[in-house]
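Examining the three-dimensional arrangement
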Amino acid sequence: MHEFLTGIFFWFAITVCLVGMLVRFVLYFRGLSWQLDRVAYKAHPKAGMKGAFRSIYKWLIPYGTYGWRTQPFMAAAFFGFHIGAVVVPLFLSAHNIFLENKVGFSLFTLNAGVADFLTWLAVVCAFFLILRRIVLPEVRILTTLYDYFILFIALAPFLTGLTARYHVGDYSFWLNLHIFCGELLLIAIPFTKMSHVFLFFASRAQLGMDFGIKRGGMKGTKMAW
Ligand code: HEM
Ligand code: HEM
């Protein structure tokens, strides 16, 4: 089982994730229509790019946008969860040892204490993200089983990573389950809302261009509509 999960299934998962996201990126930008969106994307590349970078950058900063500031507590939970969700998978020492053996390169690695802290932070904050969907009526009314499914597949690698990390019970069982859950998440990325890991940048860029060009970004210039 371990050989299968770290061999052919690992390559399958990583290929589906990367190729799938490349396709979705191309489809996203090919799907834009300046006539339907009423945004002159190509006519004003400079204002467009400025708006795109501004939007991505502002949304990545905690409390950088009105959107984040209107819900300060939930914004903290989102950032707490996402710091762990992005940093731990990429920079965990165990992951990079695995990567080094598999593909011959590795990234900067976190020390064990920081990795544990960020993992626990992600798990605790995820608890509040789940609570948000149950407790707040304005979120509950929009929530379907699919949203819980997404939270479940996003959280499973963290929970199983921790049980493996602390050697709870049978280590090889938890490690294999962890690797399987991580790979399921990678496979789910191109096909579900988890595509936001990459498409966040595409949709923020597009909306940023809209604001940079049309909605006030070029105020005071003689822009031809
Ligand atoms: C795709 C293949 C993956 C492999 C082969 C893998 C492998 C491992 C290994 C060997 C450990 C160390 C267990 C120990 O301490 O003994 C670990 C821990 C962990 N992994 Fe993964 N992993 C994978 C995917 C993921 C993904 C996608 C995520 C998150 C989205 C993730 C999150 C974690 C976390 C949170 C820990 C525990 C961190 C801590 O030490 O506190 N892993 N993983
Ligand atoms: C660069 C990477 C990422 C960015 C920029 C990003 C950004 C976002 C944003 C803007 C939201 C919506 C917040 C809102 O509703 O107000 C969100 C939700 C979410 N993200 Fe990410 N994300 C990233 C990576 C990840 C990763 C790696 C995971 C999981 C391992 C993840 C799991 C989730 C989940 C589960 C939700 C939905 C929570 C809910 O049920 O409301 N994200 N993300």
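Within every chain, residues take consecutive numbers counted from 1 along the sequence as written. Just so you know, chain letters begin at A and ligand numbers begin at 1, following the order they were written in. Where local features are concerned, this predicted model is filtered to residues with pLDDT of at least 70; where side-chain atom pairs are given and counted, the filter is 80 or more; whole-chain, interface and lining totals use all residues.

1. Describing the overall build of the protein chain
Of the regular secondary structure elements, the protein chain holds twelve helices and zero strands. Helix and strand assignments follow DSSP, with helices taken as H or I runs no shorter than four residues and strands as E runs no shorter than two, numbered in order from the N terminus. Along the chain direction, N to C, the helices and strands of the protein chain fall in the order α-α-α-α-α-α-α-α-α-α-α-α. C-alpha atoms of the protein chain, sized along the principal axes, occupy 70 × 40 × 35 Å. Neighbour counting defines burial: a residue surrounded by 20 or more other C-beta atoms within 10 Å of its own C-beta is buried, one with 12 or fewer is exposed, and intermediate counts give partly exposed, using backbone-placed C-beta atoms. Looking at the protein chain as a whole, 22% of its 225 residues are labelled buried.

2. Considerations on helix α4 (residues 45-60)
An ideal rise of 1.5 Å per residue puts 22 Å on 16 residues; α4 measures up with 23 Å between its terminal C-alpha atoms. Taken as a whole, α4 has its buried residues at Gly48, Gly51, Ala52 and Ser55. Seen from one end, α4 has its buried residues packed into an arc of 100°, which puts them on one side. Turned more than 90 degrees from where α4 packs its buried face, Lys46 and Tyr57 sit exposed. Any residue pair is listed as a contact if its two C-beta atoms, each placed from the backbone, are within 7 Å. Of the surrounding elements, those touching the buried residues of α4 are α12 (196-213). In this analysis, the expected span of each helix is defined as 1.5 Å times one less than the number of residues it contains. Directions drawn from the helix axis to the C-beta atoms are what define this arc.

3. Some points on α12
The α-helix winds at 3.6 residues per turn, so residues separated by three or four positions along the chain end up facing the same way. The terminal C-alpha atoms of α12, which comprises 18 residues, lie 24 Å apart, in line with the 26 Å expected from a rise of 1.5 Å per residue. Of the residues making up α12, those classed as buried are Arg204, Ala205, Gln206, Gly208, Met209, Gly212 and Ile213. Check the buried side of α12 and you find it contacts α4.

4. Here we look at the site of ligand 1
As used in this record, a residue near a molecule or strand is one whose C-beta atom, placed from the backbone, is within 6 Å of it. Neighbouring ligand 1 are 24 residues, the closest being Ala94, Pro157, Gly161, Arg165 and Gly182. For the shell around ligand 1, the elements supplying multiple residues, two or more each, are α6 (72-91), α7 (93-103), α8 (112-135), α10 (145-165) and α11 (171-188). In the scheme used here, Gly and all other residues not listed as nonpolar or charged are polar, with Ala, Val, Leu, Ile, Met, Phe, Trp, Tyr, Cys and Pro taken as nonpolar and Asp, Glu, Lys and Arg as charged. Per-class residue counts for the shell around ligand 1 are 15 nonpolar, six polar and three charged.

5. Here we look at the site of ligand 2
Taken together, 13 residues sit near ligand 2, with Ala85, Leu129, Ala154, Val197 and Phe200 positioned nearest. Counting residues per element, the ones that place at least two in the shell around ligand 2 are α6, α8, α10 and α12. For the shell around ligand 2, the residue count by class is nine nonpolar, two polar and two charged.

6. Focus: the environment of Leu155
Its place among the elements puts Leu155 in helix α10. Put simply, Leu155 and Ala122 are 33 residues apart on the chain and 8.7 Å apart in space, counted from C-alpha to C-alpha.

7. Focus on the nonpolar core
By size, the foremost hydrophobic cluster in this structure holds 25 residues, and its most contacted members are Ala122, Leu185 and Leu186. Elements with a minimum of two residues in this core: α2 (8-30), α6, α8, α10 and α11. Among all residues touching Leu185, those that are not within four sequence positions of it are Ile153, Ala154, Pro157 and Met194. A set of buried residues qualifies as a nonpolar core if it consists of Ala, Val, Leu, Ile, Met, Phe, Trp, Tyr and Cys joined through C-beta atoms within 7 Å. With five residues, the next largest nonpolar core counts Ala52, Ala205, Met209 and Ile213 among its residues.

8. Notes on the packing of α4 against α12
Angles shown run from 0 to 180 degrees and are taken between the N-to-C directions of axes, each axis being a line fitted to C-alpha atoms and, for helices, limited to the stretch in contact. α12 packs onto α4 with a crossing angle of 125° between their chain directions and a minimal axis gap of 7 Å. By the criterion of interaxial angle, the relationship of α4 to α12 is oblique. For the pair α4 and α12, the crossing hand works out as right-handed. Of the residues in α12, those in contact with Ala47, Gly48, Lys50, Gly51, Ala52, Arg54, Ser55, Ile56 and Trp59 of α4 are Phe201, Arg204, Ala205, Leu207, Gly208, Met209, Phe211, Gly212 and Ile213. To sort the angles, those under 35 degrees are grouped as roughly parallel, those over 145 as roughly antiparallel, those from 65 to 115 as roughly perpendicular, and the leftovers as oblique. Whether a crossing is left-handed or right-handed is set by the direction in which the near helix is turned from the far one by less than a right angle, anticlockwise for left-handed and clockwise for right-handed.

9. Concerning unusual backbone geometry
The backbone phi angle of Tyr63 is positive, close to 65°, even though this residue is not glycine. Topologically, Tyr63 is positioned in the loop between α4 and α5 (66-69). For Tyr63, a count of 13 C-beta atoms within 10 Å translates into the label partly exposed. The phi angle at His167 is positive, at roughly 50°, despite the residue not being glycine. Along the chain, His167 turns up in the loop between α10 and α11.

Taken by themselves, the reported measurements are silent on function.
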